[in-house]
Amino acid sequence: MNTWIRQVHRWVCIAFTAGVTANIVAIFVLKQAKPNLWVGLSALLPLILLLLTGLYMFVLPYAARWRAQRPAGGSE
């Protein structure tokens with residue numbers, strides 16, 4: 001599952017970069033004072049997924065350390 005999360009994180013990063021690029025193009029190149037709503041959301045939705053997958057990968061080493069310190073037996 002860790003490999004799958006990392007792969008999703010990488011591809012969502014590409015989508016986020018494309019969304020931010022679309023925002024920059026819409027605002028500065030096309031000279032739109034207020035770009036369409038879908039242009040703004042195109043960067044926001046991948047950002048939420050990046051947050052979730054990034055937090056998961058951030059917690060992994062701490063969770064592994066916590067699991068290693070637990071006693072291996074049942075109820076002691």
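These figures come from a predicted structure and were not determined experimentally.

Cut-offs applied
Residues numbered from 1 in each chain as written. Predicted model: local features only at pLDDT ≥ 70, side-chain atom pairs only at ≥ 80, totals over all residues. Heavy atoms only, no water. Helix = DSSP H or I, 4+ residues; strand = E, 2+ residues; numbered from the N terminus. Buried < 20%, exposed > 50% of the residue type's maximum accessible area, 1.4 Å probe, protein only. Contact = heavy atoms within 4.5 Å. Areas by Shrake-Rupley, 256 points an atom, 1.4 Å probe, with all protein chains shown as cover. Expected span 1.5 Å × (residues − 1).

## Side note on the overall build of the chain
Argument step 1. Along its length, the chain carries two helices and zero strands.
Argument step 2. Buried positions account for 17% of the 76 residues belonging to the chain.
Argument step 3. Of the contacts made within the chain by residues no fewer than 6 positions apart, 69% connect residues no fewer than 24 positions apart.
Argument step 4. Taken as a whole, the chain presents about 6200 Å² of accessible surface, with 71% of it coming from carbon and sulfur.

## Describing the side chain of Thr53
Argument step 1. Turning to its location among the elements, Thr53 is positioned in helix H2 (residues 37-69).
Argument step 2. Those residues in contact with Thr53 that sit more than four places away from it in its chain are Ile5, Val8 and His9.

## Brief notes about helix H1 (residues 2-29)
Argument step 1. Over its 28 residues, H1 runs 39 Å from end to end, which matches the ideal 40 Å to within 8%, given 1.5 Å per residue.
Argument step 2. Within H1, burial applies to Ile5, Val12, Gly19, Asn23 and Ala26.
Argument step 3. Summarising the contacts, the buried residues of H1 are in contact with H2.
Argument step 4. Lys31 sits one or two residues past H1 and shows a positive phi near 60 degrees.

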